[in-house]
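# Working through the structure, step by step
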Amino acid sequence: MDGMTERQPAECWLTDMDGVLVHEGIPVPGAQEFIQALEKSGKRYLVLTNNSIYTPRDLQARLRTSGIDVPADAIWTSALATAQFLDSQRPGGSAYTIGEAGLTTTLHQIGYTLTEVNPDYVVLGETRSYSFTAITKAIRLVDRGARFIATNPDPTGPSAEGALPATGSVAALITRATGVEPYFVGKPNPLMMRSALNTVGGHSEATAMIGDRMDTDIVSGMEAGLETVLVLSGVTTRAMIDRFPFRPSRVVESIADLVDEI
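Please read these numbers as outputs of a predicted model, since none were measured by experiment.

## Some points on the pairing of strand β2 (residues 12–16)
Burial of β2 is extensive: five of the five residues sit out of reach of the surface. Burial along β2 is two-sided: the residues C12, L14 and D16 and W13 and T15 are all buried. Note that β2 and strand β5 (residues 44–49) share five bridges and pair parallel. Within β5, the residue paired with T15 across the bridge is V47.

Take a look at the structure:
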């Protein structure tokens, strides 16, 4: 474990999901013990994901299949952060969405109307199969003045066959066609962290963010004023850390190294 900065012990924990709790659908050793320790301690926590396809209840079921029990209300997605952002900007507005239930459900819950007729926003999220017809509709609506929002900037997503184009790639297509850049709500936007903190009632000076990616988890946690803990159980290796102009507060091999801190 590398100690880099001294802070007060964390009273609130935010943790990425893929690469931290599970890796390609396989539970990371120590993940269930970490969640159990948090539940037993009563400390506040949220599991974060940029994936906007699934609702928290869907993700709860998927994690349970991997042997990790996380309550649905302890899961925070880029779709939830996007809905919270839109609700703060234009309550009761309207949107044309490209996405799955994880996005459409949350927009309905904040009272948004989903429409193709003069929407306030075009909201692009993750979907298993992007429709060229839907993308064309989005381009035309943005051209007519709809504000362009995207749940997350990830260019690709994983699948059993290899990489799939994801929100960031499709957003780039719409931008190329319209000249309009989207506002990305998910990581690395620190807005994702702040919305999570607001939801869980945590304070930045007493909160730690655990992630496996320097370019999303660590930078957004750092910019939100959190302690940042990089785990080496995901995509980032120790050798890659020095390539970045910022550093995590700490580096550990996996989430198993943090169980005794709870």
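Read on, since the account is not over.
## Section: the packing of aromatic side chains
Summed over all chains, the structure comprises four aromatic pairs. Ring plane angle 35° and centroid distance 6.4 Å describe the contact between Y112 and Y121, whose orientation is recorded as tilted. Neither residue differs from the other here; Y112 and Y121 are each classed as buried. Directly above the ring of Y121 sits R147, whose terminal nitrogen or CZ lies 5.9 Å from the centroid.

## Concerning the side chain of S195
As for its placement among the helices and strands, S195 is situated in helix α7 (residues 190–200). S195 sits in the buried class, given a relative accessible area of 4%. In this view, S195 contacts W76, A81 and Q84; residues no more than four positions away in its chain are not counted.

## Here's the deal with the environment of I75
Looking at where I75 falls in the secondary structure, it is placed in strand β6 (residues 75–77). According to the relative accessible area criterion, I75 is buried, its value standing at 2%. On a C-alpha basis, the gap between I75 and Y45 in space is 8.8 Å, while along the polypeptide they are 30 residues apart. Not counting residues up to four positions away in its chain, the partners in contact with I75 are L46, V47, P56, L59, Q60, L63, V70 and L80.

## Notes on the sheet that holds strand β9 (residues 121–124)
Strand order in the open sheet made by the five strands is β8-β7-β9-β10-β13, with parallel pairing throughout. At either end of the open sheet lies a strand with only one pairing partner, and these are β8 (113–114) and β13 (183–184). Relative to β9, strand β7 (residues 94–98) runs parallel, the two sharing four bridges. The residue bridging Y96 from the neighbouring strand is V122, located in β9. Against the sheet, helix α3 (residues 78–89) makes contact with β9, β10 (147–150) and β13, and its axis sits at roughly 170° relative to β9, the strand it touches most.

Cut-offs used in this document
- Residues numbered from 1 in each chain as written.
- Predicted model: local features only at pLDDT ≥ 70, side-chain atom pairs only at ≥ 80, totals over all residues.
- Heavy atoms only, no water.
- Buried < 20%, exposed > 50% of the residue type's maximum accessible area, 1.4 Å probe, protein only.
- Helix = DSSP H or I, 4+ residues; strand = E, 2+ residues; numbered from the N terminus.
- Pairing = 2+ DSSP bridges.
- Phe/Tyr/Trp six-rings, centres within 6.5 Å; stacked < 30°, edge-to-face > 60°.
- Lys NZ or Arg CZ within 6 Å of the ring centre and 35° of its normal.
- Contact = heavy atoms within 4.5 Å.
- Axes fitted to C-alpha atoms, helices over the stretch in contact; angles between N-to-C directions.

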